[in-house]
Every structure is written in C-alpha cells, then in structure tokens.
Amino acid sequence: RAGNASHGGKRLRMTIVVGAVAALLAAAGALADVAIGMTTGGDISALPHDAAGRFAELIAAPALGLYHLDLLNLITTLVMIPALYACWIVLRREGPAAGLAVTLGMVGAAVFVANNPALGMLGLARDFANADPSRRALLSAAGEAILAKGAHGSPGVLPGFLLPTLANIVLAGEMLRTKSFARVVGILGFAGNLLLAAYLALVTFLPGVRDTAMAFAAPGGLLATAWTVLLGVGLFRLSRSPRTA
C-alpha cells in the first residue's frame, strides 16, 4: 500500500508539473499574440471582410492569415486545459468550484475547435487559388458560411472565447478564497480575465465601439498573461509540496 501511495503521489506531482509547463506555454502564446498584434496592427476592422479577401491573405501570407483566423488563440486555449486540471488537483479540497473552471475550459475549447475557421479556410484558399471563376463563386460562398460561424468578433466565436475566460475567472476566485496560491495571483487573474470578458462582449455586440473595447483588451491581456505566468510558477512550487501527495 505504501508503494501504491508513493506511486500515486509521483503521478500527481507529474500531472501538476505538466500543468505548470502548460501554463507557461500558454503565457508564451499570449505574449506572441500581443507581439504579432502590435507588429501587424490590432485593428479588427482592417481585416478582410469577405471570404475572397481572406483567401487572398491566406494565399499571400498563410501564417498571418491563420493568425487572423484565431489559430494561435485556439492553440493557447487547448494548451491551457492541463493547467486548469492541475489547478483543480491543487484546489479540489478547499476550492471545489475549480472543477467548474475545468469543465468551462474544456467545453469552451471544444466549441472553439468546432467553430474555428482557420484550417477550413486554408483548405478552401488552396482550391480558390487555382479555380475558375464559377468555382471561385462557390468557394467564396462556402467561405462566407465558415466565417459567419467563427470569424473573430462574430457571435459564433463568442462561446469559444468567453467560456475559457469565465473558467479563468472562476479559478482566480477560488485562488482568492484559498491559500494555495499567493493572493496577488488571484487578483491578477480575476481582474485581467474580467477585462477580457468585457472586451469580448463589446466587440461582439457593439462593433461600433471597437476602439473603446481595446482599452479593456490591452490591460486585460497583460494582467491575464501575468496571472498565467504566476500560475505556472505556483504550480511548480506546489508540485514539490508534501500537500500534493
């Protein structure tokens, strides 16, 4: 029995370490998102508004086109799931709502995968490049349907962004209630993700105030990224604690 307990403790610690690494990778993805956005311009309204324009961008600059179709955000959301799970392992006794955070994060990631248009649009763009005019019209119509379902700022993409953000808010709230993480970690996570949730609501339902919405996105993104880094560091620390056994 002692051997089984020891093996279980090692497996638990390894799960927490994997979560810590995932959190730091997610933070790196968020920083890359900020850097690319600053380099290319963060004006959503400047993006191509129709499928043909998106196809042209994907043909000319595939990586940038995929970025504008939220592929990096999708990857970051998926990478964050092991971190949420590791936090639940740490907080499950004192903060049971951490389980809700994991559920929201997984559902949000699943919705994000289902609705994300990046790879579907890339495939259509390759066909579009060599198609005759009549087939291009059909491909454009298919592309418009995909964009309506999951283009950045559309109602279709909102659940995929909002549910993981709500998961982070719930998790940050549990961090504030418990003593496993420093209080500043919970404060940063709660404030940053709350600002991001406000940004998502504004760009989705009030597109005319997108410039104002950026006032929420910039500090929210920085605070949320700092939270993710501290979360990863905290998980590394907790993986060495006897409490995780």
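About the thresholds
- Residues numbered from 1 in each chain as written.
- Predicted model: local features only at pLDDT ≥ 70, side-chain atom pairs only at ≥ 80, totals over all residues.
- Heavy atoms only, no water.
- Helix = DSSP H or I, 4+ residues; strand = E, 2+ residues; numbered from the N terminus.
- Areas by Shrake-Rupley, 256 points an atom, 1.4 Å probe, with all protein chains shown as cover.
- Expected span 1.5 Å × (residues − 1).
- Buried < 20%, exposed > 50% of the residue type's maximum accessible area, 1.4 Å probe, protein only.
- Contact = heavy atoms within 4.5 Å.
- pLDDT = per-residue confidence, 0-100.
- Patch = residues over 30% accessible without salt bridge, like charges linked within 9 Å, V, L, I, M, F, W, Y side chains within 5 Å.
- Salt bridge = Lys/Arg side-chain N within 4 Å of Asp/Glu carboxyl O.
- Axes fitted to C-alpha atoms, helices over the stretch in contact; angles between N-to-C directions.
- Parallel < 35°, antiparallel > 145°, perpendicular 65-115°, else oblique.
- Left-handed = near helix turned anticlockwise from the far one by under 90°.
- Nonpolar A, V, L, I, M, F, W, Y, C, P; charged D, E, K, R; others polar.

Draft legend 1. Molecular detail of the overall build of the protein chain. In terms of regular secondary structure, the protein chain is built from 10 helices and zero strands. What you see in the protein chain, going N to C, is helices and strands ordered as α-α-α-α-α-α-α-α-α-α. Summed over its atoms, the accessible surface of the protein chain is roughly 11800 Å², and 70% of this surface lies on carbon and sulfur atoms.

Draft legend 2. Representation of helix H6 (residues 118–129) within the structure. Between its terminal C-alpha atoms H6 stretches 16 Å, which fits the 16 Å expected from 12 residues at 1.5 Å a residue. Along H6, the residues classified as buried are Ala118, Met121, Leu122, Leu124, Ala125 and Phe128. Lining the buried residues of H6 we find helix H2 (51–60), helix H3 (62–68), helix H4 (71–91) and helix H7 (133–150).

Draft legend 3. The confidence of the model for the protein chain, seen in detail. With 90% of its residues at a pLDDT of 70 or more, the protein chain has an overall mean of 88. For the protein chain, helix H1 (residues 2–40) is the element with the lowest average pLDDT, namely 84, and H4 is the one with the highest, namely 95.

Draft legend 4. The side chain of Thr77, seen in detail. Its location among the elements puts Thr77 in helix H4. On the accessibility criterion, Thr77 (15% relative accessible area) is buried. The residues touching Thr77, leaving out its near neighbours within four places in the chain, are Ala109, Phe112 and Pro164.

Draft legend 5. Quick look at a nonpolar patch on the surface. There is a patch of nonpolar side chains on the surface, built from Leu24, Val229 and Val233 and spanning about 200 Å² of accessible area. Positionally, Val233 belongs in helix H10 (residues 210–239).

Draft legend 6. The arrangement of the packing of helix H5 (residues 98–115) against helix H8 (residues 158–177) in detail. At a minimum axis distance of 7 Å, the contact between H5 and H8 shows a crossing angle of 165°. Classified by the interaxial angle, the pair formed by H5 and H8 is roughly antiparallel. Handedness of the H5/H8 crossing: left-handed. Residue-level contacts link Ala98, Leu100, Ala101, Leu104, Gly105, Val107, Gly108, Ala109, Val111 and Phe112 of H5 to Pro159, Gly160, Phe161, Leu163, Pro164, Leu166, Ala167, Val170, Leu171 and Glu174 of H8. Residues of the contact of H5 with H8, tallied by class, amount to 16 nonpolar, three polar and one charged.

Draft legend 7. Highlighting the pattern of salt bridges. All told, the structure shown has one salt bridge when counted by the stated rule. In this structure, Arg177 and Glu174 form a salt bridge, with 2.8 Å as the shortest nitrogen-oxygen distance. Of this pair, Arg177 and Glu174 are both found in helix H8, three residues apart, which corresponds to roughly one turn of the helix. On the basis of relative accessibility, which here comes to 55%, the residue Arg177 falls in the exposed class. A relative accessible area of 6% places Glu174 in the buried class.

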